[in-house]
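What the coordinates show
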Amino acid sequence: MHLRCSDGQCSTLLDIRDRALSCPRCGDLLEVGLGPGPFDADSLKQIWLERRISSDPRDRSGIWRFREFLPDLYDPGAVVTLEEGNVPLLAAPASSRYAGLDHLWFKHLGWNPTGSFKDGGMTVAVTQARHLGATQVASASTGNTAASMAAYAARAGIAARVYLPQGAISMAKLAQSIDYGAEIVQVEGNFDSALERLLRSAGPEVYFLNSINPFRIEGQKIVVFSLMEQLDWKPPDYIVLPGGNLGNASAFGKALQELKATGLIEKVPRMVVVQAEGANPFVRMWQSGIPRLEVIREPRTAASAICIGAPRSWKKALRALQFTGGLCLDVSEEEIAEAKAVIGGEGIGCEPASATTLAGIRRLIRQKKMDPAATVVAVLTGHALKDTDYIIRAQKRPVSSIESQISGSGV
Ligand code: F0G
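Let us look at the structure shown here. These numbers were taken from a predicted model, which means no experiment stands behind them.

Section: the sheet that holds strand β1 (residues 2-5)
- Strand order in the open sheet formed by three strands is β2-β1-β3, with antiparallel pairing between adjacent strands. Bordering the open sheet on either side are β2 (13-14) and β3 (30-33), each of which pairs with just one other strand.

With respect to the pattern of salt bridges
- On inspection of all chains with the given rule, the structure shows 22 salt bridges.
- With its nearest N and O atoms 2.8 Å apart, the salt bridge here joins Glu258 to Lys221. Linking Glu258 in helix α9 (residues 247-261) with Lys221 in helix α8 (residues 214-230), this pair joins segments that are 37 residues apart in sequence.
- The class of Glu258 is buried, set by a relative accessible area of 14%.
- Residue classification places Lys221 among the buried positions, given a relative accessible area of 0%.
- In this structure, Lys267 engages Asp237 in a salt bridge whose closest nitrogen and oxygen atoms are separated by 2.7 Å. Taken together, the positions of Lys267 in the loop between α9 and β11 (270-276) and Asp237 in the loop between α8 and β10 (238-242) put the pair 30 residues apart, joining distant regions of the chain.
- Its relative accessible area of 28% is what places Asp237 among the partly exposed residues.

Regarding the site of the ligand
- In the vicinity of the ligand there are 20 residues, among which Ser141, Gly244, Asn245, Leu246 and Thr381 approach most closely.
- With respect to the ligand, the backbone of Asn248 contributes an N or O atom lying 2.8 Å from an oxygen atom.
- At a separation of 2.7 Å, a nitrogen atom of the ligand approaches a polar side-chain atom of Thr381.
- Its free accessible area being 470 Å², the ligand has 98% of it covered by the protein chains.
- Among the cavities detected, the one that contains the ligand is the largest cavity.
- Breaking the shell around the ligand down by element, the ones donating at least two residues are α5 (144-156) and α9.
- Of the residues contributing to the shell around the ligand, the split by class is seven nonpolar, eleven polar and two charged.

Notes on the layout of surface pockets
- Here the largest pocket defines a volume of roughly 620 Å³.
- Lining the largest pocket are 28 residues; nearest its centre among them are Arg4, Val32, Leu34, Lys254 and Glu258.
- Elements that contribute at least two residues to the lining of the largest pocket include exactly β3, α9 and α11 (314-324).
- Looking at the lining of the largest pocket, the element that brings in the most residues is α9, giving six residues.

Description of unusual backbone geometry
- With a phi angle near 55°, Asp232 is a residue other than glycine that sits in the positive phi range.
- By secondary structure assignment, the location of Asp232 is in the loop between α8 and β10.
- Backbone geometry at Lys368 places phi at a positive 60°, although glycine is not the residue there.
- By the secondary structure assignment, Lys368 is in the loop between α13 (352-366) and β13 (375-380).

So, empty space enclosed by the protein
- Enumeration according to the criterion identifies one cavity of 30 Å³ or more in this entry.
- In this structure, the largest cavity encloses a volume near 300 Å³.
- Phe117, Lys118, Gly244, Asn245 and Ala305 are the residues nearest the centre of the largest cavity, which is lined by 25 residues in total.
- Secondary-structure elements contributing two or more residues to the lining of the largest cavity are α5, α8 and α9.
- Here the residues of the lining of the largest cavity are counted per class, giving eight nonpolar, 14 polar and three charged.

Description of the packing of α9 against α11
- Put simply, α9 and α11 touch, their axes get as near as 8 Å, and they point 40° apart. Comparing their axes, α11 and α9 come out oblique. Handedness of the crossing formed by α9 with α11: left-handed. Contacts from Ala249, Ser250, Gly253, Leu256 and Gln257 of α9 reach α11 at Lys316, Ala317, Ala320, Phe323 and Thr324.
- Counted by class, the contact of α9 with α11 contains five nonpolar, four polar and one charged residues.

Section: the packing of aromatic side chains
- Tallied over the entire structure, the rule returns seven aromatic pairs.
- Where Trp64 meets Tyr74, the ring centres are 5.9 Å apart and the plane angle is 85°; that geometry is what we call edge-to-face. Taken together, the residues Trp64 in the loop between α2 (57-60) and β4 (89-91) and Tyr74 in the loop between α2 and β4 connect sequence positions ten residues apart. Across the pair, Tyr74 and Trp64 agree in class, each one buried.
- An angle of 55° between the planes, with centres 6.4 Å apart, marks the rings of Phe66 and Phe225 as tilted. Of this pair, Phe66 sits in the loop between α2 and β4 while Phe225 sits in helix α8, placing them 159 residues apart in sequence.
- On the basis of relative accessibility, which here comes to 0%, the residue Phe225 falls in the buried class.

Scoring rules and cut-offs
- Residues numbered from 1 in each chain as written.
- Predicted model: local features only at pLDDT ≥ 70, side-chain atom pairs only at ≥ 80, totals over all residues.
- Heavy atoms only, no water.
- Pairing = 2+ DSSP bridges.
- Helix = DSSP H or I, 4+ residues; strand = E, 2+ residues; numbered from the N terminus.
- Salt bridge = Lys/Arg side-chain N within 4 Å of Asp/Glu carboxyl O.
- Buried < 20%, exposed > 50% of the residue type's maximum accessible area, 1.4 Å probe, protein only.
- Near = heavy atom within 4 Å.
- Polar contact = N/O pair within 3.5 Å; in protein donor to acceptor, adjacent residues only side chain to side chain.
- Areas by Shrake-Rupley, 256 points an atom, 1.4 Å probe, with all protein chains shown as cover.
- 1 Å grid on protein atoms, 1.4 Å probe; cavity = no way out; pocket = protein on both sides within 12 Å on 5 of 7 lines; lining within 4 Å.
- Sits in = over half its atoms within 2 Å of the grid points.
- Nonpolar A, V, L, I, M, F, W, Y, C, P; charged D, E, K, R; others polar.
- Points joined across faces, edges and corners; volume = space filled by probe spheres on them.
- Axes fitted to C-alpha atoms, helices over the stretch in contact; angles between N-to-C directions.
- Parallel < 35°, antiparallel > 145°, perpendicular 65-115°, else oblique.
- Left-handed = near helix turned anticlockwise from the far one by under 90°.
- Contact = heavy atoms within 4.5 Å.
- Phe/Tyr/Trp six-rings, centres within 6.5 Å; stacked < 30°, edge-to-face > 60°.

Here it is in structure tokens:
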């Protein structure tokens, strides 16, 4: 097992214990190379199923249960887990009707221990931090990474420092980081400035836990294994997810490659990444057809989790879209708010960034770019309680028009 450059043209390999964040030769991001492994798809499925009734702490985690696809560097007792990853795949009839689809499921990652998908990555990356003997971890964040890192670091007995854009994240997320005992550094500006500041100021003693950390990606990747298992290994036609810093899109792309290569799935679902109109650098690049990302200096969206103008993982995400024959699109603030109200209205709920998925699907159906008979999994990345201010503000808008759209759709 080693770290390798994620650019297939560059064959640079690094020791798995190396703390580099990018390839020393070409500067691209790194990824974990797991090696081929003696894997037989049918026996893996069986092993993973049997572990569901085991009381081994690793088997009780919906991430470590699939550990054949995670770094195998750790003693069983050294794994830092909060039993993350055991989240449902929910049928969503009202949201399906709203989008104009026959079959839509939500994979609700907001129902993780700290309320977001970040926990899947943090269980692995904080385990690696402890394995390396780190005494201090840090991340810049729009709130969820910070909260998750703070919780897992606390479990591991490691000091945590979070860099947050001042006044630009939800109070609930800030409160979580405080509650889990992290040191808070408020940075003037946006997420991109906070990340810059962290990268400039953190010394070598700090283990860095943003999603450019390849161990985060390994953990987040497992969500796709879990959702395939929930679908009895019959892949949907599409997997739709929000895009901010694009770590999650990168993780999903790696998962789909590994699942296909091992024969765990026959068909690769198309991946759809949805951004907010005011924070859409990846969509702009995609539409331009030129693989060069133009940074947006002042990104704007009330979906504060994805208010990011300089996504670091764009190259990995682009390769993921290309591998899966996927696409990306952006949606307006009104579309996000409306979709969020629909998801809430069927008793599921999510934070605003997550609702971009339903808004994006609806738009694709209306533009006839997605078949209404397609099977679709939308990934809800954060819990409704992550941003209650947004909900209260939105209540000032009339919602009756949304209700009539749902009941009048005739589906
Ligand atoms: N949804 C939620 C709820 C998020 O918190 C984030 C990112 C995303 C989607 C986008 O994921 O960055 O992997 O493309 N939140 C980060 C944070 C940036 O700091 O919590 P991505």
